[in-house]
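Summary of structural features
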Amino acid sequence: MSKNFDVVVIGGGPGGYVAAIRAAQLGFNTACIDEWKNEKGGPAPGGTCTNVGCIPSKALLQSSEHYEHANHGFAEHGIEVKGLGLNLEKMLGRKNTVVKQNNDGILYLFKKNKVTFFHGRGSFVKGDANGYEIKVAGAAEETITAKHVIVATGSNARALPGAEFDEKLILSNTGALAISEVPKKLGVIGAGVIGLEMGSVWRRLGAEVTVLEALPTFLGAVDEQIAKEAQKLLTKQGLAVNLGVKIGTIKAGKNSVSVEYTDAKGEAHTGEFDKLIISIGRTPNTIGLNAEGVGLKLDERGFIAVDGDCKTNLPNVWAVGDVVRGPMLAHKAEEEGVAVAERIAGQHGHVNFNTIPWVIYTSPEIAWVGKTEQQLKAEGVQYKAGTFPFLANGRARALGDTSGMVKFLADAKTDEILGVHIVGPMASELISEAVVAMEFRASSEDIARICHAHPSLSEATKEAALAVDKRALNF
Ligand code: FAD
Ligand code: NAI
């Protein structure tokens, strides 16, 4: 087996494995090193996303939504369910199977594309513009060399000081995806993406969920009107979200966790929970890379410092994904990975940060791309807004899910679409149309004049675009 490569990628998450495949497609002799282990100690490429992130969370969101529908939704459709039961072990087993299918899929893709895979931890030994020596510490230790190195080592859950994750009572995303018995009372610290998604899963399965959020506003980065609607809908479902909270001492007992906190009015409380999820953001993972040994620069927040092209301070060393600045999203990591491989090949890889979509997979889903109304106001941009509620959409009525709306923001003069925000059914799929439109710098009128299938949820997108010009047809 060759030990000298054109490109070595450290990290096999969505940033790393996709970069490796693209580099191999471009004709480079490529290797990817990833240390993630499955329960048998074998390789489990795919990173956070595949093992304890996007994939398992969406599997559990889907299963728990089916359960919720069977419990509360089917009756409206005239379907009577008797003797409904929850087999949590099976649900978690299915989730594990979905994860394994994705791990195996990546190993297959490596073979297909002739990417050499090393299972172990990669670290820099030495190097310069002529090449780098990388040590792989795994089942067998070896040293490989590469002309170009792409670092894609991802991120880890941030802990609260004094409340380290034990994954039994105090859970990060890893433990939150593997609770073996539905907790009666579940505490969640942080009403961000993970808090809302995992809070939704366990609420649907029967837990009483209390979410404690430090900020006074709900989903501050989301368009205010959409965030307000989402808060109303999620609260109605039974997710108790407390804003403006200050967390005090957290104590893990034998079978429960107590959390002292003051609420927005300054009143003191103690919450007793069977399990506590802490989801207050993630930190870049550079441990064990020997960044300092080769002089690889980190920024003041511990991310690998890169320029707009993902170049680090070292020649021919690149970094992508969660370990560098920008949103911590799998598709952002993938886009950066592809762009870097293309830049190594002398091509003009490009990532458009203005059109990276966000999705929160609650029910209803929350999705957006581009600027929020509050951002446009702060930037002094003159804009027009158009909204359309799913309540007035025939397909949403037939589905039995009429919550939420689509909202367009367009430039007041040119009508160029500046942002699209959705809270509602299948928002994750609907947002793609907006991404395409914004990539092509479309106007809201462009969308308004395009024929959309009837009956479909996407008609709400067209109607919101029409509403920008105050000429929605069905509302
Ligand atoms: P990672 O996926 O973290 O992969 C890094 C890999 O590198 C890991 O396998 C790690 O073991 C390995 N590694 C680290 N150091 C070394 C080393 N020295 N040697 C060898 N290997 C090493 N994003 C979305 O876009 N959509 C979602 O729905 C979504 N859901 C999420 C749900 C949860 C619960 C969480 C936690 C995250 C979610 N994310 C989601 C975020 C997404 O998982 C990350 O943005 C994405 O995984 C980042 O990809 P990455 O390749 O940069 O890093
Ligand atoms: P987050 O940044 O989304 O949310 C963290 C929340 O915790 C914020 O609202 C913050 O104000 C709050 N917080 C911070 N410190 C606190 C404290 N001491 N007390 C109380 N609240 C506190 O981070 P989260 O949910 O951990 O997710 C990490 C990242 O993973 C996300 O930002 C996202 O990039 C990615 N992710 C993406 C998903 C998706 O695309 N659907 C799903 C899950 C995660």
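Use the structure listed above.
Throughout what follows, the structure given in this document is the object of discussion. Keep in mind that this is a model prediction, so the values were computed, not measured. (Residues numbered from 1 in each chain as written. Chains lettered and ligands numbered in written order. Predicted model: local features only at pLDDT ≥ 70, side-chain atom pairs only at ≥ 80, totals over all residues. Heavy atoms only, no water.)

**Considerations on the layout of surface pockets**
Taken as a whole, the second largest pocket encloses approximately 1,200 Å³ of empty space. Taken together, the elements giving at least two residues each to the lining of the second largest pocket come down to helix H3 (54-73), helix H6 (193-204) and helix H7 (224-237). With nine residues, the top contributor of residues to the lining of the second largest pocket is H3. By residue class, the composition of the lining of the second largest pocket is 10 nonpolar, 15 polar and 11 charged. (1 Å grid on protein atoms, 1.4 Å probe; cavity = no way out; pocket = protein on both sides within 12 Å on 5 of 7 lines; lining within 4 Å. Points joined across faces, edges and corners; volume = space filled by probe spheres on them. Helix = DSSP H or I, 4+ residues; strand = E, 2+ residues; numbered from the N terminus. Nonpolar A, V, L, I, M, F, W, Y, C, P; charged D, E, K, R; others polar.)

**Let's talk about the packing of aromatic side chains**
Any pair of aromatic rings gets described here by the distance separating the centres and the angle formed by the planes. This structure, assessed with the given rule, holds five aromatic pairs. For the pair Phe124 and Tyr132, a centre-to-centre distance of 6.0 Å together with 75° between the ring planes defines the contact as edge-to-face. Like Phe124, the residue Tyr132 is buried in the burial classification. (Phe/Tyr/Trp six-rings, centres within 6.5 Å; stacked < 30°, edge-to-face > 60°. Buried < 20%, exposed > 50% of the residue type's maximum accessible area, 1.4 Å probe, protein only.)

**Re the site of ligand 2**
Not every one of the 22 residues close to ligand 2 is listed here, only the nearest: Ile194, Glu213, Gly281, Met328 and Val359. One of the side-chain N or O atoms of Glu197 is found 2.9 Å from a nitrogen atom in ligand 2. Out of a free accessible area of 840 Å², ligand 2 has 76% covered by protein chains. Of all elements in the fold, only H6 and strand S17 (358-360) reach the threshold of two or more residues within the shell around ligand 2. Ranked by residue count, the leading element in the shell around ligand 2 is H6, at three residues. Grouping the amino acids of the shell around ligand 2 by side-chain chemistry returns 14 nonpolar, four polar and four charged. (Near = heavy atom within 4 Å. Polar contact = N/O pair within 3.5 Å; in protein donor to acceptor, adjacent residues only side chain to side chain. Areas by Shrake-Rupley, 256 points an atom, 1.4 Å probe, with all protein chains shown as cover.)

**Some words on the site of ligand 1**
Taken together, 38 residues sit near ligand 1, with Asp34, Thr48, Lys58, Gly122 and Asp322 positioned nearest. Calculation on ligand 1 without its partners gives an accessible area of 1,000 Å², and the protein chains cover 94% of this total. At the level of elements, helix H1 (14-25), strand S2 (30-34), helix H2 (47-52), H3, strand S3 (116-128) and helix H9 (330-344) are the ones that each hand at least two residues to the shell around ligand 1. When residues of the shell around ligand 1 are assigned to their parent elements, the largest contribution, four residues, is made by H2. Considered class by class, the residues forming the shell around ligand 1 number 14 nonpolar, 18 polar and six charged.

**Structural notes on the pairing of strand S13 (residues 268-273)**
Two strands pair when backbone bridges link them, and strand S12 (residues 257-262) and S13 are joined in this way by six bridges, in the antiparallel orientation. Across the sheet, Ser258 pairs through a bridge with Glu272, a residue of S13. Once S12 ends, the chain turns through five residues before running back antiparallel as S13, passing Gly266 with a positive phi of about 90°. (Pairing = 2+ DSSP bridges.)

**A few points about the side chain of Asn285**
Following the sequence through the fold, Asn285 ends up in the loop between strand S15 (282-284) and helix H8 (291-294). Residue class for Asn285 comes out buried when judged on its relative accessible area of 15%. Side-chain polar atoms of Asn285 contact the backbone nitrogen of Ile287, separated by 3.5 Å. Those residues within four positions of Asn285 in sequence are excluded, and the remaining contacts are Thr153, Gly154, Ser155, Asn156 and Val323. (Contact = heavy atoms within 4.5 Å.)

So, to be careful, I would describe these as geometric facts and stop short of saying anything about function.
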